[in-house]
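If you want the building blocks of each chain, they are given just below.
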Amino acid sequence: MGAESIALIVVNCSDVASLNQGEALRGMRAWGDGPDVEGHRSFASEDVRMWYLSEHVLSENYLDRRWFEATGEPVREVIFPSRHSAASGQASLTLHPIGIPHMPVGELGTYGGIGGRAPPPNSRLAPWWRMLQQRWGNHPELSNFDLSLEVTHHGPYLDAPSLFIEVGSTEATWGHMGAAHLLGTIIHDGLFDPSVVTSWNETEHRDSLVLITLGGGHYAPRANVLAGHDGVWLGHMLATYALPFVKQEGVPGGAWSQAIEEAVRSTQQAFPGGKIVVYMDKKSFKGWQRQAIRDYLVAHNLPLMTSKTFLVALGIVEN
């Protein structure tokens with residue numbers, strides 16, 4: 001028999017927000033020493049591993065393969081505690097999937113990843129988003145922090161379902177211990193508490209709706225609202241900038257369809273047996289772009305839903 005699969009938490013020692021989340025998590029339960037992998041220390045508790053890397057995590061592709069090659073343990077998912085940067089400087093707590101599916105295929109991204117590729121979105125994304133919303137109110141020291149999902153962006157590339165969980169947005173808040181502790185408890189309870197169901201189970205969740213969003217800005221306002229409802233599963237979210245169009249006769253050019261295809265492929269991989277549905281922010285696109293997206297979705301049997309039809313389909317609101 002092969003080794004049992006593990007969840008891998010990748011801590012970036014050059015990132016205080018990542019390091020603080022990792023240290024908070026280590027303080028919540030007993031951890032044993034794990035193997036040194038590629039010269040970096042690790043810790044183990046049940047079927048979870050924490051791997052402390054020195055720096056440049058965004059450019060460290062295939063960390064899941066590399067862990068398996070070194071230890072023989074298959075990696076079923078990867079969690080990246082991290083800092084978040086924003087020019088606004090607004091204190092924030094964020095979650096997001098990763099990938100650069102709109103970039104030229106095979107090109108290495110400026111902030112990591114491989115062009116044309118997106119790792120499967122970790123199925124915990126929406127459940128952890130709801131946990132964050134529910135628990136944040138119990139932390140008055142975090143009242144000035146905004147909460148948001150972010151769209152799919154940056155590296156690294158992995159085969160395993162992945163997500164980033166982040167403290168933002170400047171050096172003034174990256175080291176906030178209260179923020180680190182809150183996010184650490186979400187990781188801890190999501191991975192270790194059997195009463196908290198936060199991951200996809202093909203048998204239990206077969207035919208459940210899994211939402212992909214297209215269009216809008218970097219902070220995914222529509223996904224923020226929709227994923228706040230119990231029972232919602234969330235795949236990739238592509239901002240308008242990740243759906244580049246070139247107007248031409250016939251089918252529009254540009255990498256927009258490449259990005260959708262990869263987002264759908266990897267979301268299907270993350271949610272086996274799920275029913276992929278799509279929300280499009282119509283205001284983010286010109287008429288001919290909206291029509292091109294609609295035609296693509298029809299051709300690939302991907303239902304396009306409004307916010308209302310999605311919530312009706314889930315039984316959250318009445319028609």
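The preceding data block contains the structure.
Report follows, based on the coordinates. All values reported here derive from a predicted model rather than from experimental measurement.

### Examining helix H2 (residues 63-71)
- Listed as buried for H2 are Leu 63, Asp 64 and Trp 67. Projected down its long axis, H2 shows its buried positions confined to an angular sector of 105°, all on one face.
- After H2 finishes, the residue Gly 72 shows a positive phi value of roughly 80°.

### Brief notes about the environment of Gly 315
- Mapped onto the elements, Gly 315 comes out in the segment after helix H10 (307-313).
- C-alpha of Gly 315 to C-alpha of Gly 231: the two residues are 84 residues apart in sequence and 9.8 Å apart in space.

### Describing helix H3 (residues 125-136)
- The end-to-end C-alpha separation of H3 is 16 Å, in line with the 16 Å expected for 12 residues at 1.5 Å each.
- Taken together, the buried positions of H3 are occupied by Leu 125, Ala 126, Pro 127, Trp 128, Trp 129, Arg 130, Met 131 and Leu 132.

### A few points about the side chain of Ser 45
- Turning to its location among the elements, Ser 45 is positioned in strand S3 (residues 42-45).
- On the accessibility criterion, Ser 45 (6% relative accessible area) is buried.
- Polar side-chain contacts of Ser 45 include one of 3.0 Å to the backbone oxygen of Ala 30.
- For Ser 45, the residues in contact, after removing those within four places along its chain, are Arg 29, Ala 30, Trp 31 and Phe 192.

### Some details on the pattern of salt bridges
- All chains considered together, the criterion is met by 14 salt bridges.
- Between Arg 124 and Glu 77 there is a salt bridge, with the nearest N and O atoms lying 2.7 Å from each other. In this pair, Arg 124 is assigned in the loop between strand S6 (92-96) and H3 and Glu 77 in strand S5 (residues 75-85), connecting sequence segments 47 residues apart.
- What makes Glu 77 buried here is its relative accessible area of 5%.
- Through salt bridges with shared partners, one network takes in Asp 47, Arg 76, Glu 77 and Arg 124.

### Focus on the sheet that holds strand S9 (residues 209-214)
- Taken together, 4 strands build an open sheet; the order of strands is S10-S9-S11-S12 and the sheet is parallel. Edge positions in the sheet fall to strand S10 (233-238) and strand S12 (304-305), since each of these pairs with one other strand and no more.
- Relative to strand S11 (residues 275-280), S9 runs parallel, the two sharing 6 bridges. Paired with Ile 212 across the bridge in S11 is Val 278.

### Regarding the nonpolar core
- Counting 50 residues, the largest nonpolar core has Trp 128 and Leu 149 as the members making the most contacts within it.
- Considering every element that reaches this core, the biggest residue donor is helix H5 (residues 177-192), with 7 residues.
- Apart from residues no more than four positions distant in its own chain, Leu 149 is found in contact with Leu 95, Leu 125, Trp 129, His 218, Tyr 219, Ala 220, Ala 223, Asn 224, Ala 227, Leu 234 and Met 237.

Rules of the game
Residues numbered from 1 in each chain as written. Predicted model: local features only at pLDDT ≥ 70, side-chain atom pairs only at ≥ 80, totals over all residues. Heavy atoms only, no water. Buried < 20%, exposed > 50% of the residue type's maximum accessible area, 1.4 Å probe, protein only. Helix = DSSP H or I, 4+ residues; strand = E, 2+ residues; numbered from the N terminus. Arc of directions from axis to C-beta. Expected span 1.5 Å × (residues − 1). Polar contact = N/O pair within 3.5 Å; in protein donor to acceptor, adjacent residues only side chain to side chain. Contact = heavy atoms within 4.5 Å. Salt bridge = Lys/Arg side-chain N within 4 Å of Asp/Glu carboxyl O. Pairing = 2+ DSSP bridges. Core = buried A, V, L, I, M, F, W, Y, C linked by side-chain atoms within 4.5 Å.

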